[in-house]
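Structural description and commentary
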Amino acid sequence: MSDLVPPAPYLLLTPGPASTSPTVKAAMLRDWCTWDRDYHDLVQQLRADLVALASDSAEVTAVLLQGSGTFAVEATVGSVVPPDGKLLVLDNGAYGRRIGEIAARLGIVHQVLRYAETCPVDPADINAALRADPQLSHVALVHCETTTGMLNPAAAVGEVVARHGRCFIVDAMSSFGGLPLSMDGLQADYLIASANKCLQGVPGCAFVLARRGRLAATAGWARSLSLDLWDQWREMEDGHGKWRYTSPTHVVRALAQAVAELQAEGGVTARHARYRANQQRLVAGLAALGVAALLPPELHSPVITAFREPDWPSYTFERFYAALKQRGFVIYPGKVSAAPTFRIGTIGHLFAEDIERLLDALAQTFHDLAA
Ligand SMILES: *Cc1c(COP(=O)(O)O)cnc(C)c1O
C-alpha cells in the first residue's frame, strides 16, 4: 500500500505537523467505521498505549479529543478549573501566553507569571505565588516551549505545586513521545499532547492524560460543550472507546500505527536518542557555517532549535525559506520577539542521513545568499 504514497516535494523540519512514515500515511487509505466494536477496541488499546508512554499507574486515564493540540489545552483549562478556582499561568513563550489567552477568553480567574523567552521559569517564584494566594488552585506549565525549543524545569515546578496541594497541568505537546516523561516524575495531574509531533502521527486529534480522581471531580465545570473533558472521558469510559460526535477515524488509525512504530523503534528512549543526535549534528553543522543557536546548549531540547539569523544585507527569511524549500526542506520562521531567528525542527520521521542532506542544502543556500 505504501506504493500509493507519492514522493514528497519536501521534508518537513517543522515541529508539527512533523514528517511521518509511509506506513503511517498508508493507514489512512481506507474508510473506517466510527461506531463498531473493532474501532472502539482500537481506541481502547490506543488509550492504554498512550497512558503507558508516561505512566504505569492504573490511576491515569487517557481522553482523546478531536482537533489540534490547542483544542486539548482549551478543553483542559476550560474543564478542570472549578468556577471558584484560579489558574497560575507560567509564560515564557508563545504557548504559555496562549494558555493565558484561553483563560482570559473563558473568563477564568488567573494570574500570569511572565519571563523572557530565553529564560526558564523559576520554581521559587511559583512557590512565592502559591504561598501568597491560596485561591490559586491550578498551575499550568509548558514543558518544552516550542517558541525557542527550551525545556522548562517541569519536575521542580511539579514538586512545588504538589507541596502546596494544588493541581498541575502540563502542556507536553512538543515533548510527549520524544523525551522521557513521567506523570509521577512530574507530579502532573493533567498532561496534554497531540498526534502530530513526536508521536509522528498526522494532525487531527489530541489527548489528555489525567489522574482519574482529579478528573472525576470536574463534572459540570466545563465552559464549553464540545470541549467538555469530563463528558468526553465519560463517553469513552462508559462506551468502551466511543467518542462524542464524529471521531477522526483516519487520524486515529494513523496514530495507532505511529504508536506501534514508536514501540518498534525501541520506545521513547530510542526515539529521544535519534532526535538528540539529529539536533546535535544540526547545531554543530550550522555552527561550522557561522550560524549560532539562540540558547546555550544546556537549555536546548532535541525538538526544535532557534538560530540567530545571519546579518548579511542580502538575507531575508523569505528568500532563505524559498531557496531551501526548492532544495527539498521546509523550515519554520522565528517566534522569539527579542532576536531575529529562524527555527529548525529535528523531530519526525527524520534520520542522520536527512540531517546530512539538510546541512549540504543549507551550505549551498547560504553560499548563494551571501554571494
Ligand atoms: C504545537 C504546540 C501547541 C499547539 O498545538 P496546535 O496543534 O498547533 O494547536 C501547544 N503547545 C505547544 C508547546 C506546542 O508545541
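Residues numbered from 1 in each chain as written. Predicted model: local features only at pLDDT ≥ 70, side-chain atom pairs only at ≥ 80, totals over all residues. Heavy atoms only, no water.

**Quick look at the site of the ligand**
Convention followed: Nearness is defined per residue: one heavy atom within 4 Å of the molecule or strand is enough. Whenever two N or O atoms come within 3.5 Å, that pair is a polar contact, provided that in protein one can donate a hydrogen and the other can accept it, and provided that, for residues adjacent in sequence, both atoms are side-chain atoms. Accessibility throughout is a Shrake-Rupley quantity obtained with a 1.4 Å probe, and a residue counts as covered only by protein chains that appear here. Under the scheme used here, helices are H or I runs from DSSP no shorter than 4 residues and strands are E runs no shorter than 2 residues, and both carry numbers assigned from the N terminus. Residues are sorted three ways: Asp, Glu, Lys and Arg are charged, Ala, Val, Leu, Ile, Met, Phe, Trp, Tyr, Cys and Pro are nonpolar, and all the rest, Gly among them, are polar.
Looking at the ligand, the residues that line it are S68, G69, T70, Y95, R98, V142, C144, T146, D171, M173, S174 and K197. At a separation of 2.5 Å, an oxygen atom of the ligand approaches a polar side-chain atom of T70. A distance of 2.6 Å separates an oxygen atom of the ligand from a polar side-chain atom of K197. Protein burial of the ligand: of its 380 Å² of free accessible surface, 86% is covered by the chains. If you list the elements that add at least two residues to the shell around the ligand, you get α3 (69–80) and α4 (94–105). Of the residues contributing to the shell around the ligand, the split by class is four nonpolar, five polar and three charged.

**Re helix α13 (residues 352–370)**
Stated formally: The span expected for a helix works out to 1.5 Å for each residue beyond the first. Note on classification: 1.4 Å probe, protein chains only; a residue is buried when its accessible area is under 20% of the maximum for its type, exposed when over 50%, partly exposed between these limits. Contacts are assigned to residue pairs with any non-hydrogen atoms lying within 4.5 Å of each other.
Compared with an ideal rise of 1.5 Å per residue, which puts 19 residues at 27 Å, α13 spans 27 Å between its outermost C-alpha atoms and is within 8% of the ideal. Taken together, the buried positions of α13 are occupied by D354, I355, L358, L359, A361, L362, T365, F366 and L369. Here the buried face of α13 lies against β1 (11–12), α11 (267–288), α12 (317–326), β12 (329–330) and β14 (341–345).

**A look at the packing of aromatic side chains**
Going by this rule: Only rings of Phe, Tyr and Trp enter the pairing, Trp through its six-membered ring, and a pair is recorded when the two centres are within 6.5 Å. The plane angle decides the type: under 30 degrees is stacked, over 60 is edge-to-face, the rest tilted. Here, a charge over a ring means that NZ of Lys or CZ of Arg falls within 6 Å of the ring centre while also lying within 35 degrees of the ring normal.
One pass over the full model with this rule turns up eight aromatic pairs. Seen from their ring centres, F317 and F320 are 6.5 Å apart, and the 80° between their planes marks the pair as edge-to-face. With F317 and F320 both in helix α12 and three residues apart, the pair spans about one turn of that helix. F320 matches F317 in its accessibility class, with the two residues each being buried. Aromatic ring contacts, followed pair by pair, group F307, W312, Y315, F317, F320, Y321, F342 and F366 into a single cluster. When the ring centre of Y95 is taken as reference, the NZ or CZ atom of K197 above it lies at 5.6 Å.

**Let's talk about the domain arrangement of the protein**
Definition in use: Here the limits of each domain have been adopted from an automatic or database domain assignment. When two parts are brought into contact, each loses some accessible area as probed by a 1.4 Å sphere; the total of that loss over both is the buried area. For salt bridges, the criterion is a side-chain nitrogen of Lys or Arg within 4 Å of an Asp or Glu carboxyl oxygen.
Once the domains are mapped, the protein shows domain 1 (22–263) and domain 2 (267–370). Between the C-alpha centres of domain 1 and domain 2 the distance comes to 28 Å. At the junction of the two partners, domain 1 supplies 27 residues and domain 2 supplies 24 residues. Both sides of the domain 1 and domain 2 interface together cover about 2,100 Å² of buried area, and 61% of this is carbon and sulfur. On inspection of domain 1 and its partner domain 2, the count reaches zero salt bridges. There are eight residue pairs in polar contact (both at pLDDT 80 or more) connecting domain 1 and domain 2. Those elements that provide at least two residues to the side of domain 1 that touches domain 2 are α4, β7 (150–151) and α10 (249–265). A breakdown of the residues in the side of domain 1 that touches domain 2 according to their chemical character gives 13 nonpolar, 10 polar and four charged.

**So, the packing of α3 against α4**
How we decide: Every axis in this analysis is a line fitted to C-alpha atoms, fitted for helices over the stretch in contact. Angles between the N-to-C directions lie between 0 and 180 degrees. Should an angle fall under 35 degrees it is called roughly parallel, over 145 degrees roughly antiparallel, and 65 to 115 degrees roughly perpendicular, with every other angle called oblique. Should the near helix be turned counterclockwise from the far one by less than a right angle, the crossing is left-handed, whereas a clockwise turn marks it as right-handed.
Two numbers describe how α3 lies on α4: the axes approach to 10 Å, and their chain directions differ by 50°. Our classification of the angle between α3 and α4 gives oblique. Considering how the two elements wind past one another, α3 and α4 form a crossing that is right-handed. Between α3, through T70, V73, E74 and V77, and α4, the contact on the second element is made entirely by R98, I99, I102 and A103. Considered class by class, the residues forming the contact of α3 with α4 number five nonpolar, one polar and two charged.

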